[in-house]
Amino acid sequence: MNQELVRYLQKQIRTNKDKLHSHTYDMQGKKLPKRFMFIKLQKHLNDFLMGVSANRLIIIPGLRGVGKTTLMAQACTAMIAERPAVTTLFLSIDEIKNLFNAGIAETMAAFEEIAGTDLESLEEKVVFFLDEVQSDPDWARTLKILHDKTSKAFFCCTGSSAVVLQTTPDLARGRAIFERMTPMCFTEYEMVKNGKFPISNLKSQIREAVYFSSDAGEAYEKLFAIKSQVNGYWSGVDRRDVIRFLTFGSLPFTLQLPNEFAIYDSISLLLDGVIKKDLPMLGNFDAKTLMQAKRLLLVLSENDTTSLNTLEKTLGIDRLTVLGLLEAMEKAELLIKVPAYGSNMSVAKKPAKYLFMSPAIRMSFFAITGQENTYLTRSGKLLEDSVGGHLYREFILRGNGAFRYDSSQGGADFILQIDNSRQLIIETGSGKKDCRQISNSMKKIHSRYGIVFSNNELSIDKEGEIIHVPLDYYLLM
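Computed from a predicted model, the values in this text were never measured in an experiment.

**Q** Any chance you could break down the overall build of the protein chain for me, citing the residues and the numbers?
**A** Tallying secondary structure elements over the protein chain gives 24 helices and 13 strands in all. Against the globule reference of 23 Å for 477 residues, the protein chain gives a C-alpha radius of gyration of 24 Å, in line with a compact fold. In terms of overall dimensions, the protein chain has C-alpha extents of about 75 × 55 × 45 Å along its principal axes. Per-residue burial for the protein chain yields a buried fraction of 53% across its 477 residues. Within the protein chain, contacts between residues at least 6 apart in sequence are counted, and of these 71% link residues at least 24 apart. Put simply, the protein chain shows about 20900 Å² of open surface, and 51% of that area lies on carbon and sulfur atoms. Distance from the positive charge centre (59 side chains) to the negative charge centre (55 side chains) of the protein chain: 1 Å.

Encoded structure:
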């Protein structure tokens with residue numbers, strides 16, 4: 001037994017509250033607000049403690065900077081306050097790996113020594129919060145074994161997006177519940193920043209109208225019927241928050257920083273962490289390749305459909321390696337891949353479009369190149385990132401949709417396929433937007449109707465079967 005690890009764990013037990021405080025309060029001593037995911041995590045915990053659910057292993061993967069550690073620390077703090085009799089422990093597996101070259105198995109063995117009993121013999125329920133589990137290469141197998149050892153222990157784990165791919169079939173099959181954590185949507189940003197909660201059921205009404213109506217006319221009627229609720233929400237919102245949200249506000253840690261220089265510097269450091277720690281887990285890259293990863297992101301921030309041949313020449317690495325980097329960045333949830341629309345043969349000849357999971361990442365590159373002040377001319381790309389992230393969250397992660405883009409000249413931004421039963425064509429624009437691009441695509445590609453997300457008023461082009469959905473509606477989904 002590693003006695004240094006035992007002593008470390010004893011100290012963590014003694015100082016648990018102090019460590020949690022550092023993760024749940026900002027530098028001014030103000031309590032950090034909670035994301036929507038907090039309610040979901042609390043339900044999992046309460047259901048376990050009440051004996052109404054067998055779910056004892058919750059894994060929360062996601063891009064760095066979306067607030068996974070803060071979320072887990074908040075849940076742990078609430079547990080200690082509300083259920084002081086339950087043994088609850090918050091541990092950083094990354095820290096344990098760095099200090100002792102130990103993993104989850106050794107950590108649990110040290111806990112058993114302190115507790116004076118093994119996990120199989122536990123009589124009372126225990127809750128473990130394990131941060132950055134991907135730091136232990138054997139985390140998936142170890143958690144499966146621990147899960148099967150006892151029904152008395154609850155494990156809540158966070159990790160990079162790589163943990164989804166490292167999951168063993170046995171762990172994924174019925175043992176683990178995955179709760180993917182993504183950048184914030186606008187209503188969550190307003191809740192976290194200003195304490196303004198969304199109107200109950202309004203998001204689902206907008207979503208149902210926009211994506212699941214029988215035609216554009218029905219979509220218009222449904223949206224018009226809830227116009228007063230939408231206006232009511234916006235009556236209490238500072239309109240400048242839309243710009244703040246699109247430029248940095250989708251990443252919660254940025255709200256604690258004093259100015260945009262600090263924000264974009266911190267995003268740059270976040271990207272360094274993904275490149276240094278996450279990409280090597282997702283591909284076999286040498287040091288020279290990893291040095292080009294940030295430059296690749298810079299190129300994509302300016303031109304998201306650059307061909308592999310052009311990237312090969314620009315970066316000085318072969319196209320297969322470039323493709324490997326892009327695939328790893330997609331798996332790390334830095335990028336969202338949007339393939340070209342068409343047959344498999346025609347798509348193979350056209351470059352995919354790559355959007356950023358958070359528009360704040362693209363904006364950080366604009367800041368590096370001194371172009372952040374040209375927001376009005378670049379806000380269209382930030383909005384497209386936002387819509388791409390929204391579609392990813394609402395359809396890809398739910399497993400009931402896919403989207404592509406029309407690569408022809410003047411084609412639409414997205415062709416959304418839902419449940420293999422309906423197809424919608426979507427165009428985005430931060431200013432006033434006409435119907436030309438979406439009309440071009442609708443002439444070639446069958447769809448129920450077309451959707452334009454823009455600053456236009458709510459309106460319908462009945463002849464073209466196109467619904468104009470104002471950003472006031474889109475941002476509430």
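**Q** I'd like a rundown of the sheet that holds strand β2 (residues 87-92), residues and numbers included.
**A** Strand order across the open sheet formed by 5 strands is β2-β3-β4-β1-β5, with parallel pairing between neighbours. Strand pairing shows two members of the sheet lacking a second neighbour, β2 and β5 (177-178), which therefore form its edges. Pairing analysis gives 6 bridges linking β2 to strand β3 (residues 126-131), with the strands arranged parallel. Of the residues in β3, the one forming a bridge with Ser-92 is Asp-131. The strands that helix α5 (residues 93-100) touches are β2 and β3; relative to β2, the one it contacts most, it runs at about 60 degrees.

**Q** Account for the nonpolar core, naming residues and giving values.
**A** Ranked by internal contacts, the top residues of the largest apolar core, which has 115 residues, are Phe-129, Ile-206, Tyr-211, Leu-223, Leu-279, Ile-451 and Phe-453. Of all the elements, helix α15 (residues 260-282) adds the most residues to this core, at 9 residues. Residues Leu-143, Leu-146, Phe-155 and Cys-157 belong to the second largest nonpolar core, which totals 32 residues.

**Q** So what's going on with the side chain of Glu-333? Residues and values would help.
**A** By the secondary structure assignment, Glu-333 is in the loop between α19 (319-331) and β6 (335-338). Among the polar contacts made by the side chain of Glu-333, one reaches the side chain of Ser-161 at a distance of 2.7 Å. Those residues in contact with Glu-333 that lie beyond four places of it in its chain are Gly-62, Leu-63, Ser-161, Arg-180, Met-357, Tyr-392 and Leu-397.

**Q** I'd like to hear about the sheet that holds strand β9 (residues 414-418), residue by residue, with values.
**A** The strand order across the open sheet formed by 6 strands is β8-β9-β10-β11-β13-β12, and the pairing between neighbours is mixed. Strands at the two margins of the open sheet, each flanked by one partner only, are β8 (401-404) and β12 (459-461). The average angle at which neighbouring strand axes cross in this sheet is 25 degrees, direction not considered. In this sheet, β9 lies alongside β8 in antiparallel orientation, the contact comprising 4 bridges. Opposite Gly-401, over in β9, you have Ile-418 as the bridge partner.

**Q** So what's going on with the packing of helix α17 (residues 293-302) against α19? Residues and values would help.
**A** In contact at an axis separation of 11 Å, α17 and α19 are set at 80 degrees when each is read in the N-to-C sense. Relative to α19, the element α17 is oriented roughly perpendicular. Here Ala-293, Leu-296, Leu-297 and Leu-300 of α17 lie close against α19, whose contacting residues are Leu-325, Leu-326 and Met-329. Each residue belonging to the contact of α17 with α19 can be placed in one class, and the counts come to 7 nonpolar, no polar and no charged.

**Q** If you had to explain the pairing of strand β13 (residues 466-470) to someone new, which residues and values would you point to?
**A** With respect to burial, β13 is a largely interior element, 5 of its 5 residues being buried. The alternating pattern of β13 places Ile-466, His-468 and Pro-470 and Ile-467 and Val-469 on opposite faces, both of which are buried. One ladder, built from 5 bridges, connects strand β11 (residues 450-454) with β13; its direction is parallel. Bridge pairing in β13 links Ile-451 to Ile-467.

**Q** Please set out the packing of aromatic side chains residue by residue, giving values where relevant.
**A** Taken as a whole, this structure holds 15 aromatic pairs when the rule is applied. Between Phe-186 and Phe-245 the ring centres are 5.5 Å apart and the planes differ by 85 degrees, which places this aromatic pair in the edge-to-face class. Within this pair, whereas Phe-186 is found in helix α10 (residues 186-194), its partner Phe-245 is found in helix α14 (residues 240-249), the two being separated by 59 residues in sequence. What makes Phe-245 buried here is its relative accessible area of 3%. Directly above the aromatic system of Phe-48 lies the positively charged group of Lys-125, at a separation of 4.7 Å from the ring centroid. Just above the ring of Tyr-233 sits the side chain of Lys-196; from NZ or CZ to the centre is 4.7 Å.

**Q** Go over the packing of helix α3 (residues 37-50) against helix α4 (residues 68-82), please, and point to the residues and values.
**A** As a packed pair, α3 and α4 sit with axes 10 Å apart at the nearest point and diverge in direction by 45 degrees. What the angle tells us is that α3 and α4 run oblique. Relative to α4, α3 is oriented so that their crossing is right-handed. Of the residues in α4, those touching α3 at Met-37, Phe-38, Leu-41, Gln-42, Leu-45 and Leu-49 are Leu-71, Gln-74, Ala-75, Ala-78, Met-79 and Glu-82. Looking at the contact of α3 with α4 residue by residue, the class counts come to 9 nonpolar, 2 polar and 1 charged.

**Q** Would you mind going over the pattern of salt bridges in detail, with residue names and values included?
**A** This model, assessed by the stated rule, comprises 27 salt bridges. Arg-35 is paired through a salt bridge with Glu-188; the nearest N and O atoms lie 2.8 Å apart. One end of the pair, Arg-35, is in the loop between α2 (16-24) and α3; the other, Glu-188, is in helix α10, with 153 residues separating them in the sequence. Each member of the pair Arg-35 and Glu-188 is classed as buried.

What counts, and at which threshold
Numbers given for residues are sequential positions, taken from 1 along each chain in its written order. Only residues with pLDDT of at least 70 get local features here, since the model is predicted, and only at 80 or more are side-chain atom pairs given and counted; chain-wide, interface and lining totals rely on the full set of residues. With hydrogens and water stripped out, all remaining heavy atoms of the structure feed into the side-chain values. Secondary structure counts use DSSP, requiring at least four H or I residues in a row for a helix and at least two E residues in a row for a strand, with both numbered from the N terminus. Restricting the calculation to C-alpha atoms gives the radius of gyration, and the globule rule supplies 2.2 Å times the number of residues raised to the power 0.38. Think of it in three bands: with a 1.4 Å probe and only protein chains considered, a residue is buried below 20% of the maximum accessible area for its type, exposed above 50%, and partly exposed in between. Contacts between residues were defined by any pair of non-hydrogen atoms, one from each residue, lying within 4.5 Å. Using a 1.4 Å probe, accessible areas were evaluated by the Shrake-Rupley method; residue-level cover was limited to the displayed protein chains. Only four residue types enter the tally: Lys and Arg on the positive side, Asp and Glu on the negative side, with His and both chain ends excluded. The atoms used to mark charge sites are NZ of Lys, CZ of Arg, CG of Asp and CD of Glu. Pairing between strands is defined by DSSP: at least two bridges between the two strands are required. Angles shown run from 0 to 180 degrees and are taken between the N-to-C directions of axes, each axis being a line fitted to C-alpha atoms and, for helices, limited to the stretch in contact. Only buried residues count toward a nonpolar core. Its members are Ala, Val, Leu, Ile, Met, Phe, Trp, Tyr and Cys residues joined through side-chain atoms within 4.5 Å. What qualifies as a polar contact is a pair of N or O atoms within 3.5 Å, subject to a donor-acceptor requirement within protein and to the restriction that residues adjacent in sequence count only when both atoms come from side chains. Under this scheme an angle from 65 to 115 degrees is roughly perpendicular, one under 35 degrees roughly parallel, and one over 145 degrees roughly antiparallel; angles in between are oblique. Three classes are used, and their members are as follows: Ala, Val, Leu, Ile, Met, Phe, Trp, Tyr, Cys and Pro are nonpolar, Asp, Glu, Lys and Arg are charged, and the others, Gly among them, are polar. Whether two aromatic rings pair depends on their centres lying within 6.5 Å, for rings of Phe, Tyr and Trp, where Trp uses its six-membered ring; planes under 30 degrees apart make the pair stacked, over 60 edge-to-face, and the rest tilted. Geometrically, a charge over a ring is one whose NZ (Lys) or CZ (Arg) sits within 6 Å of the ring centre while staying within 35 degrees of the ring normal. Take the far helix as your reference; a near helix turned counterclockwise from it by less than a right angle gives a left-handed crossing, and one turned clockwise gives a right-handed crossing. We define a salt bridge as a contact between a side-chain nitrogen of Lys or Arg and a carboxyl oxygen of Asp or Glu at a distance within 4 Å.

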